[in-house]
Structure formats: structure tokens, C-alpha cells
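Each chain is listed here by its residues.
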Amino acid sequence: MKTKLAAVLSAFLAGALMPPSSAAPIPVNLPDCAIVRPSGSKVPKVVDYAVEELRAHLLLVSGVDIPVATGTPPPGKFPIYVGITPAGDTAHMEPEEARWRVTAGGIWLYGEDKDAAGDTVRDTALNNDSHPGTLFAVYEFLEKQAGITWIEPGAAGTVYVEKNTLAPEAGSGAWHPRLLQRKIRLAYQDDMRAMAREDNNIPPGLQFSDPEYEGRQLDERVWMRRMRMGSSIHLSYGHAFTQWWAKYGATHPEYFALNKNGQRKPVTAGAPDRVKLCVSNPDVAKQVAHDHFFRDDGSKKNIKDIGYNINAIENDSRNYCRCENCMALDVVLPGEENLDIDDRVLSDRYVHFANAVLAEGRRIFDEHYAQEPGESSGKVQVLFYAYSRYNFPPRREKLNDGVFLFLIPNLAVPLAELDQYYLDWKNMGAKNAFLRPNDLCQDTGMPIGFESHMFEKYRMGSQRLSLLGTDYDTCWGFWPTTGITNYIMARAMYRPDRPMSDWDDEYFAAYGAASGDMRNYYNYWRQIWNDRIMKN
């Protein structure tokens, strides 16, 4: 991962977003076109999906079902090559990179493509572990040259003007993500639906039918891809110790937090997945690192299978350890002495823990893996959430180089405080970071006006730290009222260098003659957010 991070940072500094070279427009009559896919048996599925998307959208715009050829275009047809690299382009491609070339002899849409798992062409292309560079090139073409905007999922959110001819400018260009991961979580998850049904919280008459649910789920997955959501790395993270009580509760109760009842066990018997660790116990850090590298039978895992990133993210909720050693790691400021442990700033104890896991992980690596060619313990990193009572920057402990930070700052924090928050984390050793906020979970389905505040929060984080990825929880799908927020945040991840005004203009333009009214409507709710909600 370090190699990838270095490559991304160097590409960023070198100006990896290539501006298109400008020339005279080339008239393209869509009824005279043919889409040309690569020949051979090893064409990536993401390329075939790119062909499908291009064909379907050009049909929407022109009413013409443009034929698809393999290898070479039919005689007399203007070719739009998809997934085929034009002659002379031998430059290295970044992960997920999209490229295009427009000439009088044809249009080339191509990129860095890699299939991940998927039963169908579409499932493969929508898998976040796939690299759909060619598909992203098609979306660039459809937006820039065909004038299509996807302001929300589904057919109703696809905005276009009917036309038979396009006029793309001759030249070439490229785009690749500045963020290693761009992610907004979807609410249409099968496990969440099953849980809601089991809880009997939704009357049968208000539940989606299976076909409607599956349609909404697919529409949102497709929309996220069109917004260039995706990832060039695979990180396994999240609350890491949800199974520890079942695994170690009987044999190692000392691994767990001393709770408010004076016991080392879950406070709630029915929620063992929320039990906290005794993070001052050095054996806990050793066990975390050991479990990453070794199987239960003691055999060593294959480093290619497990990767170099150790998940040391504490379980969710409260009930933190009250033992003397854990409390001694906390920095308590004057006036905080009477605060309950669950109300204190616990960042120092958790940064201490992350550093301890990192040291132990690198020790194990040096002993068991470093002898392999090209291996170094410097590759080992620890994944750490800045969350809950350890959301705040630490007061004494500094993050060691190799602790990879996932920031989860609260939404309802004034921007000046947010700016200081990022700076304080930076001053305490934070370098590379992901932004993984729960901001979108504040969505209630009512107009709220929080999109400008959310955008500024993201922009500040990007300016103060090296933001390498995002993971926003969760897109709840209230598109008629708060869809603009999902749109603006997705576009911010797509091109972090652009101001929010660009995305406002793009979104409101989709409403044609009503664009001014829409702008006034959303500005009204932003004023409500700024003048009422944030001030209170």
C-alpha cells in the first residue's frame, strides 16, 4: 500500500489530471456511428459494460440504436472505440485511469481495466474492487460531449437533451482519481433489510416489494459508478473485535475492559460484539498482531492473502475500560476530573494502543516475513478509527509513522473548530488519512440544508491532511429532499480541486427554466442550517 500511496502523492504533485488539448470541434452524426469493442477472448467485463452504457445512453439521446462491432468498424461508419488503446499511446496508466482521444478518424475511450469478482458483466463492473478505467472514460464522454447529467439514480434522474449530432473537440485527455477510495455507503443492503423485517418495525403495507427493492438497490449501485465511486486498493477495516468475547472471553478475561460493574465482561450480555478492550494491557496488542499473521493452529498466513494492514479499530458504543492502567494513559485537563470515563477524551489511550499494535506487528513481520525477497516491516500499517470518545486529537501521545487514520469528526461542529481539529491531528502525527464520517446519517428525509457545511468540512480535511480516501455512512435515498447532498459530495470526491459552486451550477442547470427557483429553495435551507441549527 505504501508504494501505491507514494505513487498517488507523486502523481498528485506532478499534476496527474491531464488537461485535454483543444482544437476545432469534429461533427459526429450519431446515426452514422458504430461502437467498436476489442476482439479476443480476454476482454475485461468492465469494458463490455462500458459498451452497454455508451450504447444505452446514445440511444436515449438520439433515438438511434448504434451498432456494436468487434475489432474493426463496419464500412462507412464513424468508429467510437471502447476499451481499445489508440496507436502511439504507450504511457503508463494509473489505477482506474480514464483516457480519451478525438480525431477526424474516430473517437477512443479507454483506460486501466481490471475485473474483480462478479457473476455477470454488470455485477463485475459495479464491484468496487474492479478497475473500470474504460467505463470512466465513457462517463467522461457522455457528460462532456453528450451533455448527460445523472442527478439521482434511475431513469428520472438522467438529464439530457435530444440530439443526433455531437461536436467533440479534437484532442486527447485523461482523468484518474486523486482519492484511492471514493465511497458512499448504500442503505439498500440485504442484511439491513432482513434485520428490519425481523424487528417488525415496518408494517407490511409500507415495505417495498422484492422487485421494487431490488430495482432501487441496483439503481443506486449504478448511480454510484456513474459518479466515479470506486477504489484502487482493498482495505479490510471496521470494528475489529466483535468476535473476541466468543473467542477469548473464557480463556483471557484480562483482554477486556473493566466495566462499571467491576467486571471484565460485556455490560450487556446480549451485545458481546460491543465489548471494549483493556488497551493498556500489552498482551492485547500482541494478540491483535498475532491474529493478523497467524491462524488459530499457529501456522503462518500467506502475506499476499492477508496484506500488510492490521485492523486495530475498537468496537462500537461506550463502556470503556476503567482499570487504573488504562486511566493512567488518559490526559485529564483541569475541570474534567469529575467526568465519567465514558465522557472523557480517551484519545491518548487509543493512540498508545495503535502504536503498540504497530510495534508488535512490525516485530512479528521482521521475525517471520522479512527474510522473503522484497519484504520489509516498514510495509506494515495499523488501521485506526478516530471515533466516539477518541475522536478528538490526542493531548500527549503522537501517532507513529505507520498508523493509518480514519477520521470520523462530528457534523455539527463549527467550521473554525473543524479546521483546528484537522490541524491538531496533523500536529500529533497524522499524515495519510481517510475521511469516514457519519454525516449523511443525519439525513431525516426532511430538507436540512447541510450540504454546504458538509462540503466545507471535506475541503478543509483535504487541505490540512493528505486525504487518500473517503467512506461516507450512509446514502439513505431521500432523493426528492436531500438528493443534492449526495450529488455534491459524490462530485467532490470525483474532482476534489473544484469548488462547490461548480456542482451547484451543474445540479441546478438540470432543472432548466426552474434552475433559479431550485437554487433559491436550497439556499433557503442552507440559511436555516447556518443561522439556526449551527448556532444552537
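Residues numbered from 1 in each chain as written. Predicted model: local features only at pLDDT ≥ 70, side-chain atom pairs only at ≥ 80, totals over all residues. Heavy atoms only, no water.

### Section: the confidence of the model for the protein chain
Looking at the protein chain as a whole, the pLDDT averages 94, with 96% of positions reaching at least 70. The low-confidence segment residues 1–21, where pLDDT is below 50, has 41 contacts with residues more than four positions distant or belonging to other chains. (pLDDT = per-residue confidence, 0-100. Contact = heavy atoms within 4.5 Å.)

### Some thoughts on the pattern of salt bridges
Tallying each qualifying case throughout the model produces 39 salt bridges. Here R99 makes a salt bridge to E97, at a shortest N to O gap of 2.9 Å. Each member of the pair, R99 as well as E97, carries the same accessibility label: buried. Taken together, the salt bridges that share partners define one network made up of E140, E143, K144, R228, R491, R495 and E506. (Salt bridge = Lys/Arg side-chain N within 4 Å of Asp/Glu carboxyl O. Buried < 20%, exposed > 50% of the residue type's maximum accessible area, 1.4 Å probe, protein only.)

### Topic: the side chain of E220
Looking at the secondary structure, you find E220 in helix 6 (residues 210–226). The buried charged residue E220 lacks any salt bridge partner; its closest oppositely charged side chain belongs to R216, at an N-O distance of 6.4 Å. The contacts of E220, once residues within four sequence positions are left out, are P153, L186, Y188, C475, G477 and W479. (Helix = DSSP H or I, 4+ residues; strand = E, 2+ residues; numbered from the N terminus. Lys, Arg positive; Asp, Glu negative; His and termini not counted.)

### Re the sheet that holds strand 3 (residues 68–70)
Spatial ordering of the open sheet is given by 3-2-4-6-5-12, a layout of 6 strands whose pairing is mixed. Of all strands in the sheet, those bounded by a partner on one side alone are strand 3 and strand 12 (171–175). Adjacent strand axes in the sheet meet at a mean angle of 20 degrees when their direction is disregarded. Relative to strand 6 (residues 106–111), strand 4 (residues 78–82) runs parallel, the two being bridged by 3 bridges. Directly across from V82, in strand 6, lies its bridge partner L109. Sheet strands touched by helix 2 (residues 45–62): strand 2 (33–37), strand 3, strand 4 and strand 6. Its angle to strand 4, the strand with the most contacts, is close to 140 degrees. (Pairing = 2+ DSSP bridges. Axes fitted to C-alpha atoms, helices over the stretch in contact; angles between N-to-C directions.)

### Brief notes about empty space enclosed by the protein
Think of a ball as big as a water molecule: rolled over the atoms, this probe shows where empty space is left. Counted under the stated rule, the structure contains 1 cavity of 30 Å³ or more. Here the element with the most residues in the lining of the largest cavity is helix 14 (residues 479–494); it accounts for 4 residues. (1 Å grid on protein atoms, 1.4 Å probe; cavity = no way out; pocket = protein on both sides within 12 Å on 5 of 7 lines; lining within 4 Å. Points joined across faces, edges and corners; volume = space filled by probe spheres on them.)

### Examining the pairing of strand 19 (residues 432–435)
The alternating pattern of strand 19 places N432 and F434 on one face and A433 and L435 on the opposite face, and all of these are buried. Pairing between strand 18 (residues 403–407) and strand 19: 3 bridges, direction parallel. Looking at strand 19, one finds that L407 is bridged to L435. Traced from strand 18 through helix 12 (residues 415–427) to strand 19, the parallel crossover comes out right-handed. In this sheet, strand 20 (residues 466–470) lies alongside strand 19 in parallel orientation, the contact comprising 4 bridges. From the neighbouring strand, A433 faces strand 20, where its bridge partner is L467. As for the winding sense of the linkage, the β-α-β connection from strand 19 through helix 13 (residues 451–464) to strand 20 is right-handed. (Right-handed = clockwise from strand over helix to strand, strands pointing away.)

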